[in-house]
Amino acid sequence: METNQLVVGILAHVDAGKTTLAEGILYHTGSIRKVGRVDHQDAFLDTYALEKERGITIFSKQAGFTLKGKKITLLDTPGHVDFSAEMERTLSVLDYAILVISGADGVQGHVQTLWKLLKEYEIPVFIFINKMDQEGTSQEKLLLELQNRLDKGCIDFTFSKAHSSEFLEELALCDDQVLAKYLDYGEVSTIDIQEMIRKREVFPCYFGSALKLQGIQEFLEGLELYTECPQYKDEFGARVFKISRDEKGNRLTHLKVTGGTLKVKQSIKGKDWEEKADQIRVYDGAGFLSVSKAEAGGIYTVTGLSHTFAGECLGIEQGGKEPVLTPVLTYEIRLPKQCDVHNMLKKLQELEEEEPLLHIIWNEKLGEIHAQVMGEVQIEILKRMIQERFGVSVEFGAGSIVYKETIADKVEGIGHFEPLRHYAEVHLLLEPLERGSGLVFETECSEDMLDRNWQRLVLTHLEEKIHRGVLTGSEITDMKITLIAGKAHAKHTEGGDFRQATYRAVRQGLKKVKSILLEPVYEYRLEVPQDTIGRAMTDIQKMYGSFHSPKNEGEMCILTGEVPVVTMEGYQRDMISYTRGRGRLFCTLKGYEPCHNEEEVLAEINYDAESDLENPTGSVFCSHGAGFPVSWDKVEEFAHIHTEFEKTKEEQRERISKINFSKMSLDEEELEEIFIRTYGPIKRERNGFQKTSHTITVKADAKKPVKRQIEKEYLLVDGYNIIFAWEELNELAKVNIEAARNKLMDILCNYQGYKKCTLILVFDAYKVEGNPGSIQKYHNIHVVYTKEAETADQYIEKTVHEIGRKYHVTVATSDAMEQVIILGQGASRMSAKNLLDEVKQMKEEIREIYLEKQKKSGTYLFDSLPKEWEEFIEDVRLGKKKFE
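Residues numbered from 1 in each chain as written. Predicted model: local features only at pLDDT ≥ 70, side-chain atom pairs only at ≥ 80, totals over all residues. Heavy atoms only, no water.

K.L.:
Would you mind going over the overall build of the protein chain in detail, with residue names and values included?
P.N.:
Secondary structure summary: the protein chain contains 27 helices and 43 strands in total. Within the protein chain, buried positions represent 47% of all 884 residues. Accessible surface computed for the protein chain: about 46300 Å², of which carbon and sulfur atoms make up 48%. (Helix = DSSP H or I, 4+ residues; strand = E, 2+ residues; numbered from the N terminus. Buried < 20%, exposed > 50% of the residue type's maximum accessible area, 1.4 Å probe, protein only. Areas by Shrake-Rupley, 256 points an atom, 1.4 Å probe, with all protein chains shown as cover.)

Structural data, given as structure tokens:
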């Protein structure tokens, strides 16, 4: 389907003159008769009272104009970083973008964020460098900065440069095919230029002053000449990019028609809904025109749809991206005392439809409403909107970081929901993905096992909910969740049963595997005078950040890298102070990385996954006509389906159990290599200021020794493993196992007295039926007999997990697999041979100490004689006197 419609968005850093340029474009094309100004509060596209008061764009607006037969819809987007989410939602419907850059400020931090977004959404870009009437602006320097900071394809398209040989050469160098044509014919066609712009190989740059209407006409001519209208299919399709409400409270769905046409009263089908379009509007500033149909390529507003949401695809339209820019701070919304909390929650959720990233959450445990917000300016706007729309004055509490969670290894999660007359079982495979991947949902389940409709329902339930992790209850991300098995009952299964089973399967899988806490990380650019670069690098390290090699640009030094959002708070003020106002800091959200202080965060949040009743980790099974709960760690025993993934794990365990690990000799490097290959990299701090624990006394200088507190040490000994590894005890065990146990206990009592550590000796009793387990004190050591169905390995792993991060823990065992596991829990390992060597060394040192004491404390015959007898005996020895 041919069309002459284009959707063009206008984007910029705040105060770059974006709305002023939009006014100039509308004036030059005859759409408005008078040019409005932001500072005069009469701009055509600033329709909201708060926008006029603050002089910033808060909500995206549209206006239409015609350019030589092309019908263009101009979308003016917010420039302030706090409203970036509103801006990003419009990118999904743009054909072209106009990026406005202030000539006085150059490429600022948010400009680079916008550039990355435009690249992510693959949108062709025209660049307008504004405020060129100000003193000190240089067209050549700005163009060079654009090419260095944005893309080499930024080319000057002004009339003074266009069609010169230098201009044509620059264009030709951007594309190999165009270069070949240029070398043959000495020219570059308009069609080739259009294609290079569409493929984002060339970015036309124009210079001017929007306030003085300079350069706008030239820019419009280039926009008309070098853009091409896309082709659309005949079948209806649309993409929703915004939800809002008019002054009468009508719900408005803003969408772009991407195929066919949409007529008034025509039915529209969503995923699980169907409604009719009551009215179709075309907005132009604050006003609108009602039309009978919406044509492909245009932006329209539809009433009568109550289930749509931003980002939804309708008809033949498919795909869609998860938002790149997300809030990193969460705030408590504090309501007046007389306010009905639950009624207000519903109203705020209505507001969430318009701003999906608010993530309005009701915390049942605390009795609080929380929202995720970009920054302080957005908070002020939200407070004003809530007051105007609902008549309630609210306050926002202190902000806290929005964490996320992911997993370190693949795992199978099982969810079963079977109260009386209900039935559903779901098996999900959870796999970690690269950072920034989000969540991916797939199915590999056979339709012979589970009908296709049930499989689709499971995928719907996976997509509809924000799934919570088990570390802090934060949203999970960066993993692929695949439906690998499931079971329904022909009579008792209902749709809600699979919802429960799916949610529980996710949580059960998360409980079984190691989770990783993620925190938001900034990508920064720090410009400071050269004499302060040392201070800047030290500050970044202290903030657990990283940086690349500094670069010099004139008198300034440029530092780039990554740093956690939480540690960067307030640094702008410090930097301005120590650089005396000459420094500049630009931060953009890079994404999420492993948290630099995970243990502190976990201790502060103190989340208990088992107490989170809204997100259960266990399942519900049925016996004798009644449902009963089963904890997450017992679900596999009760599950009705056994998958290939589970069988593969069993086979691996069997193969490992058959390997004679006692004959394997692994050094520390080999163990670490095995651990990294199996479980991923060992977590280390991201900077040189890592906290370390020492058990020695160090000297800060020659006069003042600095004593550091000795860390409490634990030694866990796998009893039977040591007995069968030591030849003497092994031979004794063949005759009398109890005698071997007692002898080992006596040896270790001596060893503990020598080492002064807390020593725990663990013996297997897992085969003893009904054995509840016991812990006994034997002289100066602790002896543990494990309970039924619990091995010494399991007890040691559990103990190391609980105390391994707090104290220095060593595990004595020759089980190589066990050594790999305890290495990952933060403990040290000691083989049976190493322990035997230490025991022998201990005995030798005790013997030497004893002999030394004996030499010093020896008793001789004449030691106790009176003094006169000593003198007499000495005279006799020398021959001076004789016995008579």
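After presenting the structure, the write-up continues.
K.L.:
So, the sheet that holds strand β17 (residues 313-315): which residues are in play, and what are the values?
P.N.:
Pairing in this open sheet of six strands is antiparallel, and the strands run β14-β13-β16-β9-β8-β17 from one edge to the other. The outermost strands of the open sheet, each flanked by one partner alone, are β14 (287-291) and β17. For this sheet, the mean inter-axis angle between neighbouring strands, taken without regard to orientation, is 40°. Pairing of strand β13 (residues 279-284) with strand β16 (residues 299-303) involves three bridges; the strand directions are antiparallel. Paired with Q279 across the bridge in β16 is T303. Here helix α10 (residues 341-354) sits on the sheet in contact with β8 (237-245) and β9 (251-259), set at roughly 135° to β8. (Pairing = 2+ DSSP bridges. Axes fitted to C-alpha atoms, helices over the stretch in contact; angles between N-to-C directions. Contact = heavy atoms within 4.5 Å.)

K.L.:
Summarise the confidence of the model for the protein chain; cite the residues concerned and give the values.
P.N.:
The predicted model of the protein chain averages 83 in pLDDT, with 86% of residues at 70 or higher. Every residue in residues 661-666 scores below 50 in pLDDT, and together they form 13 contacts with partners more than four places removed in sequence or on other chains. This stretch, residues 682-710, has a pLDDT under 50; its non-local contacts, to residues over four places away or in other chains, come to 43 contacts. (pLDDT = per-residue confidence, 0-100.)

K.L.:
How would you summarise helix α23 (residues 737-755) if you had to cite specific residues and measurements?
P.N.:
If you check α23, its first and last C-alpha atoms are 26 Å apart, about what 19 residues at 1.5 Å a residue would give, namely 27 Å. Those residues of α23 that sit buried are A740, R741, L744, M745, I747, L748, C749, Y751 and Q752. For α23, the side-chain oxygen to backbone nitrogen distance between the N-cap and E738 is 3.0 Å, and the N-cap itself is N736. With its phi angle positive at about 60°, K756 sits one or two positions after the end of α23. (Expected span 1.5 Å × (residues − 1). Polar contact = N/O pair within 3.5 Å; in protein donor to acceptor, adjacent residues only side chain to side chain.)

K.L.:
Talk me through the sheet that holds strand β41 (residues 781-785); I want residue IDs and the actual numbers.
P.N.:
Pairing is mixed in the open sheet, where six strands are placed in the order β40-β41-β39-β38-β42-β43. Each edge of the open sheet carries a strand with a single partner, namely β40 (774-778) and β43 (828-830). The mean angle between the axes of side-by-side strands here comes to 25°, regardless of whether they run parallel or antiparallel. The pairing of β40 with β41 spans five bridges and is classified as antiparallel. Note that in β41 the partner of I775 across the bridge is V784.

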